[in-house]
Amino acid sequence: MTSENIYLIGLMGAGKTTIGRQLAKALKLPFYDSDKAIEESTGVDIPTIFEFEGEEGFRDREQKMIQKLTQLQGIVLATGGGAILREENRNSLKGNGYVVYLQCPVDRILERTRRDTQRPLLRTDNPKERLQQLLEQRQPLYLSCADFKIDTGVLKSKTVVSRILEEYKEVNHYE
Ligand code: S3P
């Protein structure tokens, strides 16, 4: 059995947590979510961290958490959508895991995040424009990290999970 980690990257609302949980269950591996881990370690939610420490403060915490979590072996990790912005994080992810980019069209993300209050970057008058900017800025970074990419806009989560598992098992010679 392999102990290579699976790391999920992609914009907010692309399905990292949902897919990550299902992958972990299928592989009988523990599931981690870097945002959740930050909330547990600080005792406050992500919007509160943005409010008091700004985005940079949040990114510092995120970097420390990614550094810590990527030292674990045999885990599935869902990262925050902006985790790939820092080179240190990209190196930590690429260094010891199978990186899957969950790609999702902006309109689909908008539908999924319409009632969301937990994503400070979407607290704007024009979330669509914001998401388009984020995608434009981040797409090359997501692609530069990814071992595999899959579209989560149309496919059912079950299908996404089984496609990722097929690829992962092939690459890892995993039965
Ligand atoms: C962010 C995405 C969020 C969270 C924070 C910043 C981003 O995570 O880390 O609000 O920069 O895209 P999700 O992708 O899990 O929503």
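In this text the structure is predicted, and so the values were computed from the model without any measurement.

Criteria and thresholds
- Residues numbered from 1 in each chain as written.
- Predicted model: local features only at pLDDT ≥ 70, side-chain atom pairs only at ≥ 80, totals over all residues.
- Heavy atoms only, no water.
- Helix = DSSP H or I, 4+ residues; strand = E, 2+ residues; numbered from the N terminus.
- Buried < 20%, exposed > 50% of the residue type's maximum accessible area, 1.4 Å probe, protein only.
- Contact = heavy atoms within 4.5 Å.
- Phe/Tyr/Trp six-rings, centres within 6.5 Å; stacked < 30°, edge-to-face > 60°.
- Pairing = 2+ DSSP bridges.
- Axes fitted to C-alpha atoms, helices over the stretch in contact; angles between N-to-C directions.
- Arc of directions from axis to C-beta.
- Polar contact = N/O pair within 3.5 Å; in protein donor to acceptor, adjacent residues only side chain to side chain.
- Near = heavy atom within 4 Å.
- Areas by Shrake-Rupley, 256 points an atom, 1.4 Å probe, with all protein chains shown as cover.
- 1 Å grid on protein atoms, 1.4 Å probe; cavity = no way out; pocket = protein on both sides within 12 Å on 5 of 7 lines; lining within 4 Å.
- Sits in = over half its atoms within 2 Å of the grid points.

1. Section: the overall build of the chain
Move 1: Scanning the chain from terminus to terminus reveals seven helices and five strands.
Move 2: Helices and strands appear in the chain in the N-to-C order β-α-β-α-α-β-α-β-α-α-β-α.
Move 3: With respect to the three principal axes, the spread of C-alpha positions in the chain is 50 × 35 × 25 Å.
Move 4: Counting all 175 residues of the chain, 47% fall into the buried class.
Move 5: Here the contacts in the chain between residues at least 6 apart in sequence split such that 74% fall between residues at least 24 apart.

2. Comments concerning the packing of aromatic side chains
Two numbers describe a pair of aromatic rings. These are the distance of the centres and the angle of the planes.
Move 1: According to the stated counting rule, one finds three aromatic pairs in the structure shown.
Move 2: Pairing Y101 with Y142 gives two aromatic rings, centres 4.8 Å apart and planes at 20°, and the pair type is stacked. Here Y142 lies in helix α6 (residues 127-145) and Y101 lies in strand β4 (residues 97-103), a separation of 41 residues in the sequence.
Move 3: We classify Y101 as buried; its relative accessible area is 2%.

3. Side note on the sheet that holds β4
Move 1: Spatially, β2-β3-β1-β4-β5 is the arrangement adopted by the five strands of the open sheet, whose pairing is parallel. Looking along the sheet, the strands with just one partner apiece sit at the ends: β2 (31-33) and β5 (148-151). Across this sheet, the average inter-strand angle for adjacent strands is 20°, counted without regard to direction.
Move 2: Pairing of β4 with β5 involves four bridges; the strand directions are parallel. By the bridge assignment, Y101 is partnered in β5 with K149.
Move 3: Contacts from helix α4 (residues 87-95) reach β1 (5-9) and β4, with the element oriented near 115° to β4.
Move 4: Of the strands in this sheet, β1, β4 and β5 are in contact with helix α7 (residues 157-172), which crosses β5 at around 165°.

4. Side note on helix α5 (residues 106-113)
For the α-helix, the turn length of 3.6 residues means that residues three or four positions removed from each other point alike.
Move 1: Residues of α5 that are buried include every one of V106, I109, L110 and T113, and no others. Taken end-on, α5 shows its buried residues confined to a sector of 105°, consistent with a single buried face.

5. Some thoughts on the side chain of N89
Move 1: With respect to the element layout, N89 can be found in helix α4.
Move 2: In this structure the side chain of N89 is engaged in a polar contact, spanning 2.9 Å, whose partner is the backbone oxygen of A83.
Move 3: Beyond its immediate stretch of four places on either side in the chain, N89 contacts Q63, I66 and A83.

6. Looking at the site of the ligand
Move 1: As a structural note, the neighbourhood of the ligand is formed by 13 residues, with K16, D35, R59, R119 and R138 the closest of them.
Move 2: A distance of 2.7 Å separates an oxygen atom of the ligand from a polar side-chain atom of D35.
Move 3: G82 places a main-chain nitrogen or oxygen 3.4 Å from an oxygen atom of the ligand.
Move 4: In the complex, 95% of the free accessible area of the ligand, which totals 390 Å², lies under the protein chains.
Move 5: Because more than half of its atoms lie within 2 Å of the grid, the ligand is assigned to the largest pocket.

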